[in-house]
Amino acid sequence: MSKKIAVSLIGVGPGALPHGKSLLDLEAEGRVEIRAVVGRGAEKTKAFAASFPTLPVGTDLDAAIADPATEAVMLVTPPNSHLEIARRCFSAGKHVLLDKPIDITLGRSEALVAAGRAAGRKLGINLQFRFRAASLRLDELIRTEALGRIEAASMTVPWWRPQAYYDEPGRGTLARDGGGVLLTQAIHNLDLFRSLVDVAEVVAAQATTTGIHRMETEDYVAALLKLRNGAPASIMTTTAFYPGLTERIEIMATKASAVLAGGNLDIRYLDGRHEHVEADGNTGAGANIMDFPHDWHKAVLTDFLDAIRDDREPKITGEDALETHRLIDRILRKGGLNPPE
């Protein structure tokens with residue numbers, strides 16, 4: 001059995017729920033020792049403790065970071081807090097598994113990644129869509145050239161968030177979130193798309209806030225892209241498409257066509273073969289933003305624990321996630337917005 005790794009969870013908002021479930025699973029498997037769960041607001045902390053009565057939930061951030069027994073920290077706090085807290089964790093000798101995005105601006109994100117490297121600590125980024133079974137299979141087929149040369153690709157994310165979602169303090173603002181649909185919601189899909197098809201250039205883009213939402217940042221983005229091999233590609237992302245439809249990645253290649261719809265993958269080869277991978281859960285496309293299983297989060301955490309144990313890089317490093325942030329900034333600038341540096 002692998003050595004238990006002592007882990008603390010910082011942050012108890014809705015995004016922490018799948019992390020809490022993953023920790024309990026891995027504790028039962030003998031993989032982790034849960035040292036602390038830290039919340040800030042009294043109401044959210046109390047609610048999280050009620051949902052996870054066996055976890056050591058409290059509000060003392062300083063004690064959790066200073067705990068000499070803790071080896072790794074899972075950081076699930078608002079994006080604008082990531083740099084400060086991660087730096088403190090690195091200084092205390094902790095490895096950090098960080099929820100997306102790295103931080104609210106590219107400059108702050110680069111500083112966070114550099115801090116982890118300077119401290120010699122592992123930094124993993126929780127972009128869990130890459131860990132879905134269908135995503136892993138599609139990645140394998142592309143890497144082994146089973147689909148042939150990619151001739152075109154597209155990504156659509158027609159999701160929905162009600163106005164009540166953006167009425168919560170900080171939601172959809174540059175100060176707390178750093179951006180809108182691209183950096184906060186569709187980042188999972190765009191990160192997966194980028195990792196699969198290798199986007200090289202943003203040819204044209206549109207970015208706007210529709211009349212459906214009252215918010216500071218964008219809720220609709222579309223772009224024409226060029227892949228590294230010269231093939232065309234396109235994306236459309238929004239949180240204004242009621243009631244929220246399944247996101248899709250479509251790839252047209254010389255040997256097959258691939259459609260990844262949520263967690264369902266269909267490969268149709270030109271020779272008549274058909275391959276299907278069944279979805280392992282919903283993806284939070286609608287008003288219920290937590291409508292998905294925690295299996296993918298558990299896979300991210302398991303990979304991170306293995307990276308610590310084996311002294312290797314996590315599957316998604318800080319540098320890897322920075323490439324997604326850079327692509328987001330390029331799309332927004334081409335669409336007429338000026339993301340903060």
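The structure we're discussing is the one just above.
The text that follows walks through the structure, step by step, so that each part is easy to find. Model, not experiment: these values are computed from the prediction.

**Details of the sheet that holds strand E11 (residues 248-253)**
Here is step 1: Read across the sheet, eight strands follow the order E8-E9-E10-E7-E11-E12-E13-E14 without closing on themselves; strand pairing throughout is mixed. Of all strands in the sheet, those with a lone pairing partner are strand E8 (199-208) and strand E14 (274-277), marking the two edges. Averaged over all pairs of adjacent strands, the angle between their axes in this sheet comes to 10°, without regard to strand direction.
Here is step 2: Pairing of E8 with strand E9 (residues 220-227) involves eight bridges; the strand directions are antiparallel.

**Regarding the environment of Ile34**
Here is step 1: Residue placement: Ile34 occurs in strand E2 (residues 32-38).
Here is step 2: Between the alpha carbons of Ile34 and Leu24 there is a distance of 8.5 Å; along the sequence they are 10 residues apart.
Here is step 3: If sequence neighbours within four positions are ignored, Ile34 has contacts with Val7, Leu23, Leu24, Glu27, Leu55 and Pro56.

**Section: the pattern of salt bridges**
Here is step 1: Evaluation of the coordinates by the stated rule reveals 30 salt bridges.
Here is step 2: Salt bridges here are not isolated pairs; linked through shared partners, they connect Arg31, Asp306, Arg309 and Asp310.

**Focus on the packing of helix H5 (residues 106-119) against helix H11 (residues 318-334)**
Here is step 1: At a minimum axis distance of 10 Å, the contact between H5 and H11 shows a crossing angle of 170°. By the angle between their axes, H5 is roughly antiparallel relative to H11. For the pair H5 and H11, contact is made by Leu106, Ser109, Glu110, Val113 and Arg117 and by Gly318, Glu319, Leu322, His325, Arg326 and Asp329, respectively.
Here is step 2: Here the contact of H5 with H11 is built from residues that sort into three nonpolar, three polar and five charged.

**So, unusual backbone geometry**
Here is step 1: Residue Pro101 follows Lys100 across a cis peptide bond; omega there is -20°.
Here is step 2: Mapped onto the elements, Pro101 comes out in the loop between strand E5 (95-99) and H5.
Here is step 3: Between Tyr242 and Pro243 the backbone carries a cis peptide bond, its omega angle lying at 0°.
Here is step 4: Here Pro243 is to be found in the loop between strand E10 (232-238) and E11.

**A closer look at the sheet that holds strand E3 (residues 57-58)**
Here is step 1: Read across the open sheet, the six strands follow the order E3-E2-E1-E4-E5-E6; overall the sheet is parallel. The sheet terminates laterally at E3 and strand E6 (123-126), the two strands that pair on one side only.
Here is step 2: As defined by bridge partners, E5 adjoins E6 across four bridges and the pair is classed as parallel. If you follow Val96 over to E6, its bridge partner there is Leu123.

**Re helix H1 (residues 17-28)**
An α-helix turns once per 3.6 residues; consequently, residues spaced three or four apart project the same way.
Here is step 1: The end-to-end C-alpha distance of H1 is 17 Å, a good match for the 16 Å that 12 residues give at a rise of 1.5 Å each.
Here is step 2: Pro18, His19, Gly20, Ser22, Leu23 and Leu26 are the residues of H1 that are buried.
Here is step 3: Just downstream of H1 lies Gly30, where phi reads positive at about 80°.

**Quick notes on the pairing of E11**
Here is step 1: Taking every second residue as pointing to the same face, the buried face of E11 carries Ile249, Ile251 and Ala253, while none of Arg248, Glu250 and Met252 on the other face is buried.
Here is step 2: The sheet contact formed by strand E7 (residues 150-158) and E11 spans six bridges and is antiparallel. Along E11, the bridge assignment pairs Ala153 with Ile251.
Here is step 3: One ladder, built from five bridges, connects E11 with strand E12 (residues 256-261); its direction is antiparallel. Across the sheet, the residue bridging to Glu250 is Val259, located in E12.

**Comments concerning helix H9 (residues 187-197)**
Here is step 1: In terms of residue burial, H9 counts as a mostly covered element, since 10 of its 11 residues are buried.
Here is step 2: All buried positions along H9 are accounted for by Ile187, His188, Asn189, Leu190, Asp191, Leu192, Phe193, Arg194, Leu196 and Val197.

Calculation rules
Residues numbered from 1 in each chain as written. Predicted model: local features only at pLDDT ≥ 70, side-chain atom pairs only at ≥ 80, totals over all residues. Heavy atoms only, no water. Pairing = 2+ DSSP bridges. Helix = DSSP H or I, 4+ residues; strand = E, 2+ residues; numbered from the N terminus. Axes fitted to C-alpha atoms, helices over the stretch in contact; angles between N-to-C directions. Contact = heavy atoms within 4.5 Å. Salt bridge = Lys/Arg side-chain N within 4 Å of Asp/Glu carboxyl O. Parallel < 35°, antiparallel > 145°, perpendicular 65-115°, else oblique. Nonpolar A, V, L, I, M, F, W, Y, C, P; charged D, E, K, R; others polar. Expected span 1.5 Å × (residues − 1). Buried < 20%, exposed > 50% of the residue type's maximum accessible area, 1.4 Å probe, protein only.

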